[in-house]
Amino acid sequence: MLKDITLGQYFPGNTVVHRMDPRTKILLVIIYIAALFVAKSWISYAVMLVCLTAAIAVSRINLKVMLKGMKPLIFIIVLTALLNLFYGSGEPIAEFWIFKITRDGITRAIFMASRIVMLVMGTFMLTYTTSPIMLTYGLELLLGPLKKLKVPVHELAMVMSMALRLIPTLIEETDKIMSAQKARGAQFDTGNLIEKAKAMLPILVPLFISSFRRADELATAMEARCYHGGEGRTRLNVLKFAARDYMGLGLGLTVLAVVIVLARFGL
Amino acid sequence: MKEPILKTEELTHIYSPGTPFEMTAVENVSIEIRKGEILGIIGHTGSGKSTLIQHLNALVKPSSGRVLLEGRDINESKDSVRDARAKVGLVFQYPEYQLFEETVYKDIAFGPKNMKLSEDEIDGRVRRAARFVGVEEELLDRSPFDLSGGQKRRVAIAGVIAMMPEVLVLDEPMAGLDPQGREEIMKNILAYHDETGAAIVIVTHSMDEAASYADRMIVLNHGRVAMEGAPEEVFSRGEELRGMGLATPVMTDVADKLRKLGVELPASVYTVEQMVSALTALERGRRGA
């Protein structure tokens, strides 16, 4: 039930995509998103799709898992497609009441829907192939220059990595508490809205209590190990760009350039 | 032999099938729990104990196989699930972490209330359950969060006992308590067993604990039933148990060493009490001769 949540989950593996520097992957996702928004034609979308498919194939991420992660977004995708469907300009193909569907509307709907799907799938690629620790480390390094502007980059990264680290723990804990209350006859899926909200109480109270306890214990454990912020901290594994990273970035920038050029020519 | 009240038939459970995290937690387990017995389920961490017991009241649905309560499949319908939840009480590990109400009384009453009993019946059950676990009347109006660890644990167990289950399943009920707390909890559980005749299933990895109360034991290893039988039968296979990462009770080890020294002890010595009586019998026999 709760365990089936795959959004932002890491699937360990040992492919080129997995081994790539997290900084490269973050940059590539940004490039990918930029390219997706520049893309305006069938050809550029096809180029993007080829890139995405290649990345998925190389990383050996199960397509089923990927599609399962899309499930919560179906509503947004369908809504966007529908809205775009009715906002096209030009000669209407079908008409009823105040709605009219045009050829332009149909293409727009397809473009928007595939843009969202590809956007989400691309970002999934980042979180599916990068462990949370690597991800935050990558972010910390990329945001490093902001330290000059007194932005607490290290602290933010630490908070983020702890939050990410605790998500599975909290899900597990919620599952356990739910099971325990179900064993005492609690029911979470019956009754009206107020009854349902009330039924959450036996889960939320213990969950909050244990979260606070956990936070307290974690803080004590960190202090006991002399944690005092990012100043002078070193890493066990220091990230280094390898040939694959330069190649990946080069490829990404080339695709972006191609898409921009295509857009220039109105394609 | 007493008749079974709860049975599993070739139960298999696989977590996250079809993903890289796929794991078979329980495989082909057929066990039965008999009316009024005390059953010890033993296995090291990750042997599938917790998964197995969550099947017993339909919290987890089997990937294949069945769970039968009084001959009826508990996953058959919504009613059968509700029936199983009421008749099979499950106390999780560290149950004190599930307390949530403002007062001890309300928390114990949560289960009976969900069973839609009358106010009088609920009141009677709460007080009776509190008595079983040795929670004094004046504690009932206190917040459960003001209690000590041992008291919280007992209140949580009372919350399940108040549903008056015919099978009471406890997952490591003594974990993290001091020796005195352990003894008290065990006394509470035995009191419930003696007074109501309910079957008790205790999950543990401590052989000494299991040795001191179980009528029958089931040893799990890698999600399968590795051994089943009376404690003396199980403990007589010390080598195998150690191979599974389980220790034998201290007294079994002592008895083994004594036997090697030529002391003729019966096979069924695995608690301190049994050792004392076996040795005194031996001494008496020698004096008589």
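Within any chain, residue numbers begin from 1 and follow the written order of that chain's sequence. The order in which chains are written sets their letters, starting at A; the order in which ligands are written sets their numbers, starting at 1. Local features in a predicted model are, by the rule used here, given only for residues with pLDDT of at least 70; side-chain atom pairs are given and counted only at 80 or more, and totals for whole chains, interfaces and linings are based on all residues.

Comments concerning the overall build of chain A
Quick reminder of the rule: Comment: elements are numbered from the N terminus, with helices defined as DSSP H or I runs of at least four residues and strands as E runs of at least two. Here the radius of gyration uses the C-alpha set of atoms, whereas the globule reference equals 2.2 Å times the residue count to the power 0.38. This entry defines residue contacts through backbone-placed C-beta atoms, with two residues in contact when those atoms are within 7 Å.
Across its full length, chain A holds 10 helices and 2 strands. Listing each helix as α and each strand as β along chain A from the N terminus yields α-α-α-α-α-β-β-α-α-α-α-α. Its C-alpha radius of gyration of 23 Å places chain A more than 25% over the 18 Å reference for a compact globule of 267 residues. Reported as C-alpha extents along the three principal axes, the dimensions of chain A are approximately 65 × 55 × 40 Å. Counting contacts in chain A only where the partners sit at least 6 residues apart, residues at least 24 apart contribute 77% of the total.

Let's talk about the sheet that holds strand S11 (residues 224–229) of chain B
Residue and element names in this part refer to chain B. In plain terms, the rule: For two strands to pair, DSSP has to find at least two bridges joining them. The angle between two axes is taken between their N-to-C directions and runs from 0 to 180 degrees, where each axis is a line fitted to C-alpha atoms and a helix contributes only its stretch in contact.
If you walk across this open sheet you meet the 6 strands as S7-S8-S9-S4-S10-S11, and the pairing is mixed. The sheet is open, and its two edges are formed by strand S7 (88–91) and S11, each paired on a single side. Here the strands of the sheet are splayed against their neighbours by 15 degrees on average, with no regard to which way each runs. By the bridge criterion, 5 bridges tie strand S8 (residues 167–171) to strand S9 (residues 199–204) in an arrangement that is parallel. Residue pairing across strands places leucine 168 opposite isoleucine 200, the latter belonging to S9.

Notes on the packing of helix H7 (residues 132–143) of chain A against helix H8 (residues 153–183) of chain A
Two numbers describe a pair of packed helices, the interaxial angle and the distance between the axes. Residue and element names in this part refer to chain A. For clarity, the threshold we go by: Each angle gets one of four labels, with under 35 degrees taken as roughly parallel, over 145 as roughly antiparallel, 65 to 115 as roughly perpendicular, and the rest as oblique. Less than a right angle of anticlockwise turn of the near helix away from the far helix marks a crossing as left-handed, whereas a clockwise turn marks it as right-handed. Gly falls in the polar group here, along with every residue not listed as nonpolar (Ala, Val, Leu, Ile, Met, Phe, Trp, Tyr, Cys, Pro) or charged (Asp, Glu, Lys, Arg).
Viewed as axis vectors pointing N to C, H7 and H8 meet at an angle of 165 degrees, and their least axial separation amounts to 9 Å. One element, H7, and the other, H8, form an angle in the roughly antiparallel class. Once H7 is placed against H8, the crossing between them reads as right-handed. Facing H7, whose interface residues are Pro132, Ile133, Thr136, Leu139, Glu140 and Leu143, H8 presents Val153, His154, Ala157, Met160, Ser161, Leu164 and Arg165. Among the residues forming the contact of H7 with H8, the class breakdown is 8 nonpolar, 3 polar and 2 charged.

A few points about helix H3 (residues 104–114) of chain B
Just so we agree on the cut-off: Using C-beta atoms placed from the backbone, we call a residue buried if 20 or more other C-beta atoms fall within 10 Å of its own, exposed if 12 or fewer do, and partly exposed for counts in between.
The buried fraction of H3(B) amounts to 9 of the 11 residues, a majority that puts the element mostly inside the structure. What H3(B) keeps buried is the set Val104(B), Tyr105(B), Asp107(B), Ile108(B), Ala109(B), Phe110(B), Gly111(B), Pro112(B) and Asn114(B). Tucked into the core, H3(B) has its buried residues touching helix H9 (193–224) of chain A together with helix H4 (119–132) and helix H5 (149–161) of chain B. Looking one or two residues beyond H3(B), the residue adopting positive phi is Lys116(B), at roughly 60 degrees.

A look at the environment of Ile74(A)
Among the structural elements, Ile74(A) can be located in helix H5 (residues 74–86). Along the primary structure Ile74(A) and Tyr10(A) are separated by 64 residues, whereas in three dimensions their C-alpha atoms are 22 Å apart.

Some remarks on the nonpolar core
Here is the rule: Only buried Ala, Val, Leu, Ile, Met, Phe, Trp, Tyr and Cys residues enter a nonpolar core, and they are joined through C-beta atoms within 7 Å.
Ile108(B), Ala158(B), Val167(B), Val169(B) and Val201(B) are the most contacted members of the largest nonpolar core, which has 85 residues in total. Of the residues forming this core, the biggest block, 6 residues, is contributed by H5(B). Setting aside residues no more than four positions away along its own chain, Ile108(B) makes contact with Val126(B), Ala129(B), Ala130(B), Val155(B), Ala158(B), Gly159(B) and Ala162(B). Membership of the second largest hydrophobic core comes to 10 residues, among which are Ala55(A), Ile56(A), Met121(A) and Tyr128(A).

Comments concerning the domain arrangement of chain A
Interfaces are often sized by the accessible area lost when the parts come together. Counted only if it meets this: Bear in mind that the domain bounds are from an automatic or database domain assignment.
By domain assignment, chain A separates into domain 1 (2–130 + 239–264) and domain 2 (152–224). The C-alpha centroid of domain 2 of chain A is placed 32 Å from the C-alpha centroid of domain 1 of chain A.

Details of the interface of chain A and chain B
Listed by partner, the interface residues are 20 residues for chain A and 23 residues for chain B. If you tally residues by element for the side of chain A that touches chain B, the top one is H8(A), at 7 residues. When the residues that make up the side of chain A that touches chain B are grouped by side-chain class, the tally is 11 nonpolar, 4 polar and 5 charged.

Topic: the packing of helix H2 (residues 22–38) of chain A against H7(A)
All names here are of chain A. At their nearest, the axes of H2 and H7 sit 8 Å apart, and the two run at 75 degrees to each other. With respect to H7, the element H2 is oriented roughly perpendicular. Residues Pro22, Arg23 and Ile26 of H2 form the contact with H7, whose own contacting residues are Met134, Leu135, Tyr137, Gly138, Leu139, Leu141 and Leu142.

Let's talk about the domain arrangement of chain B
Residues and elements named next belong to chain B. If you check the domain split of chain B, you get domain 1 (4–235) and domain 2 (249–289). The centre of domain 1, based on its C-alpha atoms, is set 34 Å off from the matching centre of domain 2. In this assembly, 7 residues from domain 1 lie in contact with 7 residues from domain 2. Of all elements in the fold, only helix H7 (207–213) and helix H8 (231–235) reach the threshold of two or more residues within the side of domain 1 that touches domain 2. For the side of domain 1 that touches domain 2, the element with the highest residue contribution is H7, accounting for 4 residues. Of the residues in the side of domain 1 that touches domain 2, the class split is 4 nonpolar, 1 polar and 2 charged.

Section: the pairing of strand S2 (residues 99–102) of chain A
The side chains of a regular strand alternate between the sheet's two faces. All names here are of chain A. Sheet topology places strand S1 (residues 92–96) next to S2; 4 bridges connect them, and they run antiparallel. Considered in S2, the bridge of proline 92 is made with threonine 102. Taking the residues that link successive antiparallel strands as the turn, the S1-S2 hairpin has 2 residues, and the phi of tryptophan 97 there is positive, at about 50 degrees.

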